[in-house]
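Summary of structural features
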Amino acid sequence: MYGKALLSLIFVILLLVSYSLYIGTVDLRSYFFPVLQSQSGASSPCPTDRPLKVFMYDLPRRFHVGMLDHRSPDDLSVTSENLPAWPANSGLRKQHSVEYWLMASLLYDGGGEEREAVRVLDPQMADAFFVPFFSSLSFNTHGHTMTDPETEIDRQLQVDLLEFLRQSKYWQRSSGRDHVIPMTHPNAFRFLREQVNASILIVADFGRSPITMSNLRKDVVAPYVHVVKSFMDDDIADPFESRTTLLFFRGNTVRKDEGKIRAKLTKILAGYDDVHYERSSATTETIKASSQGMRSSKFCLHPAGDTPSSCRLFDAIVSHCVPVIVSDQIELPFEDEIDYTQFSVFFSIKEALEPGYMVNLLREFSKDRWIEMWKVLKNITHHYEFQYPPKKEDAVNMVWRQVKQKLPGVQLAVHRSRRLKIPDWWQ
């Protein structure tokens, strides 16, 4: 009798254990393979339910805000109290200022649960490491013509930065793979870029980078910072009829590579009463004129520039002007979360150069379809706003969220590199 009871009890216990294993409430791996647990010292990917913990190197000011404020001592640490404001009259330099807004977001102490990344002062606690080198501003400040003797300053900053990083045990630990380095200008970090290739690069696109250097697997595509002001009073009764221009473009038509299409479009789009296509350089007045033109147009043309993307796309988005994107190689920010086909129209270069094809298709757009796209634009505009302090779901937080999503791949690469004798043998 007692034997039957004991057997029944054992059967019930085994049944409960089997069921627990099935639904995942018991993890025997934790008992038999403790190396998998955090107590072993092995790092783990950043949980998605908490902000990314970022350690920011305390670099001398000449690497970042010293290019904005020359009066402060080079060794004065940057804080939220002494952070200089981004200059209001910076012109086109503003479009490459992502590096500034990322740094500012880490200096900000508020925000709580709305933030995607927070600064930690103990590098041992960090999920990622931010390198606050304003590489785009350095290029624009120190010899952007590439022949200016001051170009040497830009090169020396890159040399000094690499020397600093190579002395960091945290850089050495991962070969820089878990380090975040912004370089949105296509010529940013141009002298020694290949030496930081393993890091998570914040780029605007991959137009100047071979696949061996930059790619979607490890890097983050960030939006340009828009130059025109956001359209805040766009709640009119009939937005379709109020925008009297069908297609709008104002900008430089002398570009390189894919951007050569701009000169060809000058002829293709000539002679249309409802198309505004104008060659122009960026000044305070032309930026204002572009803003007004976008706000009064149904579609805004975005042909490739020297690289596949440009600030014009994001100027159109914040102007609630449906983007018409002409490029064969463009990569877009936040595309794992945002479906651009809901508010943009895409043409290949071949299609755009076919006389009449693009204009006729846009003229056939129904009012209802355009208004749906316009509504989506209004709803997603906040994802493209760089601001301080940062706000929930704005561009800064979206970029940090993209960084967080790269970390599992980073960890895979770090762990493999520690044991492989022949790196990437499978290639």
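An account of the accompanying structure is given in this report. These numbers were taken from a predicted model, which means no experiment stands behind them.

Residues Leu269, Phe299, Leu301, Met358 and Trp400 are the most contacted members of the largest nonpolar core, which totals 107 residues. For this core, the two domains that each supply at least three residues are domain 1 (52-225 + 387-418) and domain 2 (245-383). Those residues within four positions of leucine 269 in sequence are excluded, and the remaining contacts are Leu247, Val275, Tyr277, Leu301, Met358 and Val359. Membership of the second largest hydrophobic core comes to 5 residues, among which are Phe248, Cys300, Ala316 and Cys321.

Now for the sheet that holds strand β9 (residues 297-303). Pairing within the open sheet is parallel, and its 5 strands lie in the order β8-β7-β9-β10-β11. Each edge of the sheet is formed by a strand with only one pairing partner; in this case those strands are β8 (275-279) and β11 (345-347). If you compare each strand with its neighbour and ignore which way they point, the axes differ by 20° on average. Where strand β7 (residues 245-251) meets β8, 5 bridges bridge the pair, whose relative direction is parallel. The partner of phenylalanine 249 across the bridge, within β8, is tyrosine 277. Here helix α8 (residues 261-268) sits on the sheet in contact with β7, β8, β9 and β10 (322-326), set at roughly 140° to β9. Here helix α9 (residues 284-295) sits on the sheet and contacts β7 and β9; the angle it forms with β7, its principal contact strand, is near 160°.

Our focus in this paragraph is the state of the cysteines. Scanning the entire structure with this criterion turns up 1 disulfide. In this model, cysteine 300 is linked to cysteine 321 through a disulfide, with the two sulfur atoms separated by 2.2 Å. Its S-S torsion of approximately 105° makes the covalent link between cysteine 300 and cysteine 321 right-handed. With cysteine 300 in strand β9 and cysteine 321 in the loop between α10 (311-318) and β10, the pair connects residues that are 21 residues apart, well separated along the chain. Among the residues examined, cysteine 300 registers a relative accessible area of 1% and is labelled buried.

Conventions used here
Residues numbered from 1 in each chain as written. Predicted model: local features only at pLDDT ≥ 70, side-chain atom pairs only at ≥ 80, totals over all residues. Heavy atoms only, no water. Core = buried A, V, L, I, M, F, W, Y, C linked by side-chain atoms within 4.5 Å. Buried < 20%, exposed > 50% of the residue type's maximum accessible area, 1.4 Å probe, protein only. Domains from an automatic or database assignment. Contact = heavy atoms within 4.5 Å. Pairing = 2+ DSSP bridges. Helix = DSSP H or I, 4+ residues; strand = E, 2+ residues; numbered from the N terminus. Axes fitted to C-alpha atoms, helices over the stretch in contact; angles between N-to-C directions. Disulfide = S-S within 2.5 Å.

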